[in-house]
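Observations on the model geometry
The lines below spell out each chain.
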Amino acid sequence: KVSVDRYSATELLPGETVVKEGKAAILFPSANEVFYNPVQEFNRDLTCAVITEFARELLVQRGVKLVVPGEEDRVVVSLGEEEVEEEKKEEEEEEEEEKNGADEPALTATVGEKCEGLRVLEGLAASGLRSVRFALEVPGLQSITANDFSAKAAALIARNAMYNGVSHLIQASCKDASMLMYEMRGKKQRYDVIDLDPYGSPATFLDAAVQAVSDGGLLCVTCTDMAVMAGNSGETCYSKYGSVSIKSKYCHEMALRIILHSLDQRAGVYQRYIQPLLSISADFYIRVFVRVFTGQATVKNSASKQALVYNCTGCGSFYLQRMGRRTSNGRHGTRSTSCKAQVFVKVDVIKTASLLLQLGGPLWAEAIHDLTFVQKVLSALSANPGRFGTSKRIEGVLSMVTEELEDVPFYYTLDSLSSSIRCNTPPMLQFRSALLHAGYKVSLSHACKNAIKTDAPPATMWDIMRCWEKIHPVKREKLSNTSPSFRILSKEPSLEACFTVREDANPQSRRRHLTRFQENPQAFWGPKARAKAGGGISDNLQDKRKKFQNKRKNQITESSELKKFPCKKFRKGTCTYGDQCSYSHDSGLGLSSRCPPV
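Notes on the structure follow. (Residues numbered from 1 in each chain as written. Predicted model: local features only at pLDDT ≥ 70, side-chain atom pairs only at ≥ 80, totals over all residues. Heavy atoms only, no water.)

Brief notes about the nonpolar core
If you look at the biggest cluster of nonpolar residues, it comprises 79 residues, and the most contacted ones within it are Met 181, Ile 194, Leu 219, Ile 259, Leu 263 and Phe 431. Tallying contributions element by element places helix H9 (residues 251–268) first for this core, with 8 residues. Among the nonpolar cores identified, the runner-up in size contains 54 residues, and Ala 49, Leu 129, Phe 289 and Val 401 belong to it. (Core = buried A, V, L, I, M, F, W, Y, C linked by side-chain atoms within 4.5 Å. Buried < 20%, exposed > 50% of the residue type's maximum accessible area, 1.4 Å probe, protein only. Helix = DSSP H or I, 4+ residues; strand = E, 2+ residues; numbered from the N terminus.)

Some details on the environment of Leu 58
Note on placement: Leu 58 falls in helix H1 (residues 41–60). In this structure Leu 58 comes out as buried when scored by relative accessible area, which is 16%. It is 9.3 Å that separates the C-alpha atoms of Leu 58 and Gly 217, two residues lying 159 residues apart in sequence. The contacts of Leu 58, once residues within four sequence positions are left out, are Leu 118 and Arg 291. (Contact = heavy atoms within 4.5 Å.)

Section: the pairing of strand S14 (residues 272–282)
The element S14 is largely enclosed, with a buried count of 10 among its 11 residues. Bridge analysis of S14 against strand S15 (residues 285–294) gives 10 bridges, and the strand direction is antiparallel. By the bridge assignment, Ser 281 is partnered in S15 with Ile 286. The loop that links S14 with its antiparallel partner S15 comprises 2 residues; one of these, Asp 283, has a positive phi angle of about 50°. (Pairing = 2+ DSSP bridges.)

Here we look at unusual backbone geometry
Of note, the amide linkage connecting Gly 361 to Pro 362 takes the cis form, showing an omega dihedral of 0°. In this fold, Pro 362 is placed in strand S20 (residues 357–364). If you check the backbone angles, Ala 126 has positive phi at about 55° while not being a glycine. Structurally, the position occupied by Ala 126 is in the loop between strand S9 (114–122) and helix H3 (129–137). Positioned with a positive phi, Phe 410 is a non-glycine residue whose angle comes to about 70°. In this structure, Phe 410 sits in the loop between helix H12 (391–403) and strand S21 (412–413).

Structural data, given as structure tokens:
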């Protein structure tokens with residue numbers, strides 16, 4: 001039976017449902033033929049906000065003013081707190097009139113309207129939801145190319161564009177994303193915005209992307225292979241991104257700096273360089289927004305923007321070593337030369353050579369956000385809070401971003417510092433106050449809930465922890481003489497830490513109780529199953545998830561249930577129990593099954 005939606009003349013096919021997000025309504029098949037994850041609504045909302053502000057900056061130079069529905073007087077958000085300036089809008093209008101001429105009215109661009117604006121490419125569009133939302137929510141667009149390698153996905157993109165009445169803006173494409181971008185490398189063919197949101201790693205698309213984006217254009221990249229980028233597989237990370245990841249407490253920020261390093265490295269091959277606008281670690285993925293420019297002189301400074309990281313396996317202290325340093329070259333400006341390596345033979349905190357230092361990187365060591373741009377996005381969002389479904393979370397995350405220290409890579413966590421010396425965890429405000437009393441800068445991090453980002457050296461951090469331990473002593477007799485905790489506490493602190501809470505130790509985002517860290521939105525949230533070429537999804541997918549999760553909470557007590565699991569020793573040919581074995585000797589259960597815990 002064929003039904004017709006009342007909002008559109010497009011016919012719904014049997015089994016098709018309508019998924020609504022933002023201003024878009026997407027036709028979605030019941031089978032898993034096209035990938036869709038509702039948890040990433042925050043990702044798509046943030047992308048619409050960033051592209052809108054990017055278009056506003058770019059098109060104002062051409063005398064075009066963007067009109068965003070629901071946007072009224074702009075709100076300017078400072079680094080410290082929110083301030084409303086009523087005269088801001090009038091000043092902006094006066095500046096635009098001076099640029100465009102008093103007698104010449106400024107052109108306007110509204111959502112859904114085709115104009116001489118940005119050319120956008122979504123390389124892996126799937127259902128086309130993101131592209132449809134761009135067309136309906138982002139003003140100042142000339143065209144949107146929604147591409148997918150799947151013929152079924154490309155056909156669905158065309159139907160969704162027609163269903164939402166944006167066929168004049170969206171062009172459906174069925175090509176290999178890399179080949180499409182390679183074909184558009186010409187200066188007059190490049191895209192102003194390229195969005196890459198693949199299933200897993202974007203590594204295979206980065207080389208083409210840095211070539212196909214225009215000079216000064218915006219590149220938006222999502223990585224969902226966090227197991228690789230967060231240190232579980234350093235060799236795989238190196239093969240994909242040219243950097244070795246470390247499994248550490250700061251792994252989520254390290255993942256951001258690894259992808260930025262990879263983008264800058266690949267752009268440098270073509271005499272191009274990147275400028276990060278916003279880098280976000282959220283949920284199970286990371287998302288970066290960078291501008292790509294062309295300039296041979298600036299590319300020469302690329303080595304000074306990269307660094308290696310040395311991570312202590314005992315106490316968790318880390319040290320950064322730049323790959324190069326900027327030097328003056330007279331009238332030719334500055335350039336980057338190689339640095340003399342500083343080999344850390346021993347950790348100055350623990351005073352022993354028995355603990356090894358993990359080597360990670362190279363990675364991006366410069367700022368990962370453009371705070372001026374982030375404030376503009378935050379101001380626009382504050383002026384129009386009802387624009388997105390996840391506006392509260394975007395406001396909270398971006399507010400934390402504006403509070404982060406720009407020139408301090410990585411962070412410590414309070415639980416790891418306390419665990420290293422086996423003491424009670426100090427309250428966040430007291431530890432931050434101790435750093436401020438000692439004369440150092442400190443901030444939180446959006447990438448980790450209990451992070452401490454500071455310019456204090458590791459020795460100072462441990463001195464503060466030693467002072468805290470004196471107030472809350474541990475049982476020294478239970479510590480091994482060779483343990484990091486014993487060696488750290490054996491040294492007297494060189495400073496007297498003050499744990500009196502200071503007012504400036506509590507950041508504005510925390511005082512205002514903003515939604516800074518989102519809780520799990522639904523059951524089985526996270527990366528979804530990959531879409532199958534022929535469509536369809538396993539009927540017992542939910543059963544498999546329940547079967548292989550929470551094993552320790554759902555112990556198997558009946559021996560008959562063990563027959564559902566294969567015998568590991570039987571596979572290896574070492575099982576001597578024969579038919580008396582509690583586990584199954586049936587090879588048809590598959591190698592992916594695992595025995596339950598005992």
